[in-house]
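These are the residues of each chain, in order.
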Amino acid sequence: YIDKIENLTVQPYYKEAKFFRNGFAPVKTITNKWIFVDKLGKPVNTTQYDSFQETENGKYIVVKNKRFGITDLKGKEILSPKYEFVQACSDSLIIVKKDGKYGVMDYQENIILYYQYDQVNYNPYSGIFFVKSCGRSRKICVKKK
């Protein structure tokens, strides 16, 4: 990384580097794992991830050993990578897959809809979850507290 006047601020130790957001950036190490660094290039987390994906609400979905979790922009784990699937739905709700079934939880891992569905989809415009189980579909509205 270089600053605005082209001074090298982070040494080229990494195979790949992504953009900084709020002072932190994901970088790929020489072992092909992803970590998060600050603007000086110092790692801010010890967990190394196989891959990551930025969400629309400013978090990262991270993958480690084929398990999914979520971190904040600083690389701090909000949800450890222990789920079969994770999808951030809103600023407060997440669709997760555990033991082959889908459910919904918040970022504090409070269960909103138990892991009992074959499929869960979320409509961000209406705030409604569409769930499917045993071939039957229905919609569920989750109200914020």
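Please refer to the structure placed before this passage.
Note that this is a predicted model, so its numbers are computed, not measured.

So, how was this worked out
- Residues numbered from 1 in each chain as written.
- Predicted model: local features only at pLDDT ≥ 70, side-chain atom pairs only at ≥ 80, totals over all residues.
- Heavy atoms only, no water.
- Salt bridge = Lys/Arg side-chain N within 4 Å of Asp/Glu carboxyl O.
- Helix = DSSP H or I, 4+ residues; strand = E, 2+ residues; numbered from the N terminus.
- Buried < 20%, exposed > 50% of the residue type's maximum accessible area, 1.4 Å probe, protein only.
- Contact = heavy atoms within 4.5 Å.
- Pairing = 2+ DSSP bridges.
- Axes fitted to C-alpha atoms, helices over the stretch in contact; angles between N-to-C directions.

Q: Please give an account of the pattern of salt bridges that cites residues and values.
A: This model, assessed by the stated rule, comprises five salt bridges. Between Arg21 and Glu54 there is a salt bridge, and its shortest N-O distance comes to 1.9 Å. Of the two residues, Arg21 is situated in the loop between strand 1 (16–17) and strand 2 (24–28) and Glu54 in strand 4 (residues 51–54); the sequence distance between them amounts to 33 residues. Classification of Glu54 as partly exposed rests on a relative accessible area of 38%. Residue Lys33 pairs with Asp50 through a salt bridge whose shortest N-O separation is 2.4 Å. With a gap of 17 residues between them, Lys33 in the loop between strand 2 and strand 3 (34–38) and Asp50 in the loop between strand 3 and strand 4 connect regions that are remote in the sequence. Looking at Lys33, the relative accessible area reads 27%, which means it is partly exposed.

Q: Which residues make up the side chain of Thr29, and what are the values?
A: Tracing the chain through its elements places Thr29 in the loop between strand 2 and strand 3. The buried category is assigned to Thr29, whose relative accessible area is 9%. Discounting residues that sit within four places of it in the chain, Thr29 has contacts with Tyr14, Lys15 and Ile35.

Q: Lay out the environment of Asp38 with the relevant residues and their values.
A: Position of Asp38 relative to the elements: it lies in strand 3. Taking the C-alpha atoms as reference points, Asp38 and Gly23, separated by 15 residues in sequence, lie 5.9 Å from one another. If we ignore the near neighbours within four places in the chain, the residues touching Asp38 are Phe20, Gly23, Phe24 and Val44.

Q: Residues and numbers for the sheet that holds strand 11 (residues 111–117), please.
A: Spatial strand order, 8-9-10-11: four strands in an open sheet with antiparallel pairing. If you trace the sheet from one side to the other, it starts and ends with strand 8 (85–88) and strand 11, each paired once. Strand-to-strand, the axes of this sheet are offset by a mean angle of 15°, without reference to chain direction.

Q: Account for the sheet that holds strand 2, with residues named and values stated.
A: Spatially, three strands are ordered 1-2-3 in an open sheet, and the strand pairing comes out antiparallel. Only two strands of the sheet have a single partner each, and these edge strands are strand 1 and strand 3. Of the strand pairs in this sheet, strand 1 and strand 2 are connected by two bridges, and their pairing is antiparallel. Bridging from a neighbouring strand, Glu16 pairs with Lys28 of strand 2.

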